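Tertiary structure, described
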Amino acid sequence: MIHDPVELVIFDCDGVLVDSERIYCRVDREVFAALGAEFTEAEIVEHFVGSSSEVLTAILEERLGRPLEPDWHAAYRPLYDRALDAELTVVEGITDALDALDVPFCLASNGSHATIRRNLTRTGLLERFEGRMFSARDVARGKPAPDLFLHAATSMGVAPERCAVVEDSPYGVAAARAAGMRAFGYCGGLTRADRLMGPRTLVFDDMRELPRLLGEPLR
């Protein structure tokens, strides 16, 4: 069992801080259909929630049976931006959780720095994470590789075994485990609890409970 005290909490962004995954999934279906690839909502949740842009493109190309241009997504970005501008909110309970934390925290996302900043600005969370935001663009490999979380821990000066990661996707909890960190799998969004379970992982569905759960020993 893991008893080391938590000295740093590393949050994913989409689906953990901002309630964006439902929006992304809906627009994804429209965009993929326009390209000629049909996906069910369940397939999008399984394959794309928490994935890197490289993983998304590879799966989409496989379904299409043809390669896409390197900047294929640029033409569709306005669709996402309009939906996010109109609908994006914080994840329920996250501001209460952040207010209650008594240890430092940061953000590590597979999204780009520009996307992270836009979504935090849209929801009023940017000031809470200014100067402590890390993107998969900063490292060689995004999640599920451990690179991003290890980069965040090193940048914040905390050993991996004293870090707790809050994630809502199998990609994210796999990256946390690979980095030797404790994983807290949030199942209050689109991802089923059973897809987040595993070693050194606690699955929960209420963000307000996070500060208390950080003190729980994990197997």
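As shown above, the structure is provided for reference.
Residues numbered from 1 in each chain as written. Predicted model: local features only at pLDDT ≥ 70, side-chain atom pairs only at ≥ 80, totals over all residues. Heavy atoms only, no water.

Describing the pattern of salt bridges
- Scanning the model with the defined rule gives 18 salt bridges in all.
- Salt-bridge contacts for Asp12 lead to Lys143; the nearest nitrogen and oxygen are separated by 3.0 Å. Residue Asp12 is found in the loop between β1 (8–11) and α1 (21–35), and its partner Lys143 is found in the loop between β3 (133–135) and α8 (147–156); the two are separated by 131 residues along the sequence.
- The class of Asp12 is buried, set by a relative accessible area of 5%. (Salt bridge = Lys/Arg side-chain N within 4 Å of Asp/Glu carboxyl O. Helix = DSSP H or I, 4+ residues; strand = E, 2+ residues; numbered from the N terminus. Buried < 20%, exposed > 50% of the residue type's maximum accessible area, 1.4 Å probe, protein only.)

Looking at the state of the cysteines
- Within this structure, the stated rule accounts for zero disulfides.
- A disulfide-free cysteine, Cys13 has its sulfur positioned 12 Å from the sulfur of Cys106, the nearest such atom.
- Residue classification places Cys13 among the buried residues on the basis of a relative accessible area of 1%.
- Of the cysteine sulfurs around Cys25, a residue in no disulfide, the closest is that of Cys13, at 15 Å.
- Overall, Cys25 belongs to the buried group, its relative accessible area being 5%. (Disulfide = S-S within 2.5 Å.)

What to know about the pairing of strand β2 (residues 105–109)
- Burial of β2 is extensive: five of the five residues sit out of reach of the surface.
- Across three bridges, the pairing between β1 and β2 is parallel. Within the sheet, the bridge partner assigned to Val9 lies in β2 and is Phe105.
- The sheet contact formed by β2 and β3 spans three bridges and is parallel. Within β3, the position partnered with Ala108 by the bridge is Phe134. (Pairing = 2+ DSSP bridges.)

Concerning the sheet that holds β2
- A sheet is described by the order of its strands in space; here six strands give the open sequence β3-β2-β1-β4-β5-β6, paired in parallel fashion. Only two strands of the sheet have a single neighbouring strand rather than two, namely β3 and β6 (201–204). Ignoring strand direction, the axes of neighbouring strands in this sheet form an average angle of 25 degrees.
- Examined bridge by bridge, strand β5 (residues 182–186) and β6 share four bridges and lie parallel to one another. Directly across from Phe184, in β6, lies its bridge partner Leu202. (Axes fitted to C-alpha atoms, helices over the stretch in contact; angles between N-to-C directions.)

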